[in-house]
Amino acid sequence: MRIRGLISPLFEACKDGKSVAQLHSYILKNGLIHDSFFVTKLSASYIKCFSLKRAHKLFDETPRPSVYLWNSILRGYSREKQWKTTLHLFLQMLSSTTITATGDVKPDNFTISIALMACTELSAIEMGRAIHGLVKKSKKIGSDMFVGSALIELYVKHGGMDDALQVFDEFPQPDVVLRTSMVTGYQQSGHAEMAISFFSRMVVMEGVSPDPVTLVSVVSAGAQMLNIEVGRCVHGFMIRMGFNVHLCLVNSLLNLYAKTGSVNNARNLFMKMPQKDVISWSTMIACYAQNGKASDALDLFNEMIENGFEPNSVTVVGALQACAAACDSKEGRKIHEIAIQKGFEFEVSVSTALVDMYMKCSCLKEAVDLFKRIPKKDVVSWAALIGGFAQNGLANESIGIFHTMLCSETRPDAVTMVKLLTASSEIGNLHQALCLHGFLVTSGFDHKIFVGAALIELYSKCGSIDDAIRVFEGINDRDVIVWSSMIAGYGIHGLGREALETFDRLIETTFLRPNRVTFLSVLSACSHSGLVGEGIKIFDKMVHECRINPSLEHYSVMVDLLGRTGELEKALQLIDQMPEPAGPHVWGALLGACRLHHNVKIGEIAAKNLLRLDPDHVGYYALLCNIYAADGKWHNAAAIRTLIKEKGLKKMPGYSSIDIGKELHPFLAV
DNA sequence: CTAGGGTTAG
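Predicted model, so just to flag it, every value in this text is computed and none were measured.

1. Here we look at the UniProt feature "repeat: PPR" (unreviewed entry) in chain A
Part 1 of the reasoning: Here the UniProt-annotated "repeat: PPR" (unreviewed entry) positions come out as residues 66-96, 277-311, 378-412 and 479-513.
Part 2 of the reasoning: Secondary structure within residues 66-96 divides into 87% helix and 0% strand; the distance between the first and last C-alpha atoms comes to 11 Å.

So this is what it looks like as structure tokens:
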């Protein structure tokens, strides 16, 4: 007995497999190997030192391995993520127990939880259910929290939350880890509201204190719901409890602020963080990139490198989003270089972000070349290409790529379909629209609300307002975007009254708040139908009741609206009132109106401003020329013509196209 | 001896 005490401390001292092997041979030489105490200790030490092979050899040489020996070898394989071997060994253990004469080698709670983890990782849900059946037979194993945790994890990932909840409910006094697993489970399976309500019940009704890990899951749920209140609550709670040192928790909070667009909150938190890691930096960079602060994102990216942090693929994706948003292909190329250097250029998320960046910067060739070289393309990469062509005005190419995607056996998803609908609406072929709609119905994507909105736009642009209305009326829980699309649809068709009625219906029958796009659609509808008084009222409502700051686009629509009915002075006044200098669209709208109403005086003002902003835009010269001509000022008109010639400007020819007997991909045919 | 958590592409 005393020899055990003497040798035991030596196991603890082992730092690598070699020193364990030394002990091993000592034990062999002295005939101690038949003592299962030493065998277990040896195996555990091998595993601790990551010497799985030696441990397995010892295991093979041991005639009747104890549960502990089984467990240590299982743990070894599970820690190395060799799940197949883990599960295989577990099954071997199950069958060997029936043979062993002693009969006391049965999997215990430890064994079971490892086996369940393996099932989760291997998506072996049926095997997992079988093991669950085994668990139910033993009270001791069934009431083990670790087993419960592994079961919940299994069902969260592969069964469903109902099964997970059943497991949870079997525990009379579940601990905070089990509760957290449920919160996380709801969150990860897309039921963020359920996650929050489960959490609230646990804290309020059952008086259980959450720990930092619980809060991380709660914050993730809040981020998913874009609920900033959740963030504020946890933030306050965190400060009171002194949890602010937990990096994961702060990072998830940072992400919540990022997702909800609370850039200032995110920035303040980031600045105050006592320690930051790659994830903190990446999250903050993505926050800037996704919230219209591209240059801040790129600055931070460089600052991160200066601070000695290594960007990973996630960081790079955020930086690329910033380049895409800023249409900055120069920075984009630099970051591309970094991705190549670090060897993650062809991680699919990175290559996709690169394709998107090149597309947004109108570098089509780079985008396509890179796309071709992506080894494992998925729907998202294809969608980046499809969307890219559409954004660059190449709708037919975009649809062609979609066909190629279908031929490569990649199933489209809802987002891809929206990109395709947008591309198709540029073409305006109603037959194509009907085919796409047919496909959406059979694939079930038409239930997604953002697909509905795109479909309304598609039908409107293809000239079938009736189909657009049918889609609109068929949507049960319409959001602001759907309403805005319908209003815009009426606007395109010159149905200003209907657009206004729809807007009123939105205000009166829903609790939704019209946003800037909604207003843009109504105003544009008013403009197209010459409803000046109504348009002015709506504009007033937007500014004073809804407190929406008009953007340049709103102003240009208003200028267009006033200009169409000849209120050119009023239009000019509105431009003067603008908080920021008017852009080309605003002046362009005014110039167009001046052409319509033969107003040379204001027309010259508009043209002067336009040519200052964009001196090489031939269309503006042409408009001004026409104004002079209409007014009989042939001298001025001729002067402009000469100027155009001197500058070597050419007018882009307009064109239109029709489809002749072009077959759609059979996949889309109805 | 064992369980739950944070950043990513269209």
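The structure having been displayed, the exposition proceeds.
2. Quick word on the pattern of salt bridges
Part 1 of the reasoning: As enumerated under the stated definition, the model contains 22 salt bridges in all.
Part 2 of the reasoning: For Glu61, the salt bridge is made with Lys57, and the minimal N-O distance between the two is 3.2 Å. With a gap of four residues between them, Glu61 and Lys57 both fall in helix H4 (residues 52-61), about one helical turn apart.
Part 3 of the reasoning: Under the relative-accessibility criterion, Glu61 is labelled partly exposed at 49%.
Part 4 of the reasoning: In this structure, Glu569 and Lys601 form a salt bridge, with 3.7 Å as the shortest nitrogen-oxygen distance. Taken together, the positions of Glu569 in helix H35 (residues 568-577) and Lys601 in helix H37 (residues 600-613) put the pair 32 residues apart, joining distant regions of the chain.
Part 5 of the reasoning: By relative accessible area, which is 47% here, Glu569 ends up partly exposed.
Part 6 of the reasoning: On the accessibility criterion, Lys601 (56% relative accessible area) is exposed.
Part 7 of the reasoning: Through salt bridges with shared partners, one network takes in Glu426, Glu457 and Lys461.

3. Brief notes about the protein's contact with DNA strand B
Part 1 of the reasoning: In the region of DNA strand B, 44 residues are neighbours, and Asp175, Asn251, Lys259, Asp413 and Thr416 sit closest.
Part 2 of the reasoning: Backbone atoms, meaning sugar plus phosphate, form 41% of the atoms of DNA strand B positioned within 4 Å of the protein.
Part 3 of the reasoning: Ser349 has a polar side-chain atom sitting 3.3 Å from a base oxygen of DNA strand B.
Part 4 of the reasoning: Partitioned by chemical class, the residues of the surface near DNA strand B number 17 nonpolar, 19 polar and eight charged.

4. Quick notes on the domain arrangement of chain A
Part 1 of the reasoning: Considered domain by domain, chain A is made up of domain 1 (276-376) and domain 2 (579-651).
Part 2 of the reasoning: Centre-to-centre separation of domain 1 and domain 2, based on C-alpha positions: 41 Å.

5. Brief notes about the nonpolar core
Part 1 of the reasoning: Residues Val355 and Leu590 are the most contacted members of the largest nonpolar core, which totals 211 residues.
Part 2 of the reasoning: In terms of residue count, the dominant contributor to this core is helix H16 (residues 247-259) (eight residues).
Part 3 of the reasoning: Looking at which domains feed residues into this core, each of domain 1 (276-376) and domain 2 (579-651) supplies at least three.
Part 4 of the reasoning: Apart from residues lying up to four places away in sequence, Leu590 is in contact with Val559, Leu568, Ala571, Leu572, Ile575, Ile602 and Ala606.

6. Overview of the environment of Ile640
Part 1 of the reasoning: Relative to the helices and strands, Ile640 resides in helix H39 (residues 634-647).
Part 2 of the reasoning: Once the C-alpha coordinates of Ile640 and Leu624 are considered, the two residues, 16 residues apart in sequence, prove to be 7.9 Å apart.
Part 3 of the reasoning: Ile640 has contacts with Tyr621, Leu624, Cys625 and Tyr628, leaving out every residue within four places of it along the chain.

7. A look at helix H26 (residues 414-427)
Part 1 of the reasoning: The end-to-end C-alpha distance of H26 is 20 Å, a good match for the 20 Å that 14 residues give at a rise of 1.5 Å each.
Part 2 of the reasoning: Of all the residues in H26, the buried ones are Ala414, Thr416, Met417, Val418, Leu420, Leu421, Ala423, Ser424 and Ser425.
Part 3 of the reasoning: Of the residues flanking the end of H26, it is Gly428, one or two places downstream, whose phi is positive at about 80 degrees.

8. A few points about the packing of aromatic side chains
Part 1 of the reasoning: Counted by the stated rule, this structure contains 10 aromatic pairs.
Part 2 of the reasoning: An aromatic cluster is built from Phe168, Tyr186 and Phe198, whose rings are joined through pairwise contacts.
Part 3 of the reasoning: Looking at Arg79, its charged tip hangs above the ring of Phe50, at a distance of 3.9 Å from the centre.

9. Brief notes about the packing of helix H7 (residues 109-122) against helix H10 (residues 145-159)
Part 1 of the reasoning: Where H7 contacts H10, the two axes come as close as 8 Å, and the packing angle between them is 10 degrees. Classified by the angle their axes make, H7 and H10 are roughly parallel. Residues Asn109, Ile112, Ser113, Leu116, Cys119 and Thr120 of H7 form the contact with H10, whose participating residues are Phe146, Val147, Ala150, Leu151, Glu153, Leu154, Lys157 and His158.
Part 2 of the reasoning: Residues belonging to the contact of H7 with H10 are distributed by class as follows: eight nonpolar, four polar and two charged.

10. Re the packing of H10 against helix H11 (residues 161-169)
Part 1 of the reasoning: For the pair H10 and H11, the least separation of the axes is 7 Å and the interaxial angle reads 170 degrees. What the angle tells us is that H10 and H11 run roughly antiparallel. At the point where H10 passes H11, the crossing takes the left-handed sense. Within the contact between the two elements, H10 uses Gly148, Leu151, Ile152, Tyr155, Val156 and Gly159 and H11 uses Met161, Asp163, Ala164, Val167 and Phe168.
Part 2 of the reasoning: In terms of residue class, the contact of H10 with H11 is made up of eight nonpolar, two polar and one charged.

11. Side note on unusual backbone geometry
Part 1 of the reasoning: The phi dihedral of Leu226 falls on the positive side, at around 55 degrees, and the residue is not glycine.
Part 2 of the reasoning: With respect to the helices, strands and loops of the structure, Leu226 is situated in the loop between helix H14 (212-224) and helix H15 (228-241).
Part 3 of the reasoning: Leu226 gets classed as exposed once you look at its relative accessible area, which sits at 54%.
Part 4 of the reasoning: A positive phi angle, near 60 degrees, is found at Ser362, a position not held by glycine.
Part 5 of the reasoning: According to the relative accessible area criterion, Ser362 is partly exposed, its value standing at 47%.

Calculation rules
- Residues numbered from 1 in each chain as written.
- Chains lettered and ligands numbered in written order.
- Predicted model: local features only at pLDDT ≥ 70, side-chain atom pairs only at ≥ 80, totals over all residues.
- Heavy atoms only, no water.
- UniProt positions renumbered as here; feature names shortened; annotations may be inferred.
- Helix = DSSP H or I, 4+ residues; strand = E, 2+ residues; numbered from the N terminus.
- Salt bridge = Lys/Arg side-chain N within 4 Å of Asp/Glu carboxyl O.
- Buried < 20%, exposed > 50% of the residue type's maximum accessible area, 1.4 Å probe, protein only.
- Near = heavy atom within 4 Å.
- Polar contact = N/O pair within 3.5 Å; in protein donor to acceptor, adjacent residues only side chain to side chain.
- Nonpolar A, V, L, I, M, F, W, Y, C, P; charged D, E, K, R; others polar.
- Domains from an automatic or database assignment.
- Core = buried A, V, L, I, M, F, W, Y, C linked by side-chain atoms within 4.5 Å.
- Contact = heavy atoms within 4.5 Å.
- Expected span 1.5 Å × (residues − 1).
- Phe/Tyr/Trp six-rings, centres within 6.5 Å; stacked < 30°, edge-to-face > 60°.
- Lys NZ or Arg CZ within 6 Å of the ring centre and 35° of its normal.
- Axes fitted to C-alpha atoms, helices over the stretch in contact; angles between N-to-C directions.
- Parallel < 35°, antiparallel > 145°, perpendicular 65-115°, else oblique.
- Left-handed = near helix turned anticlockwise from the far one by under 90°.

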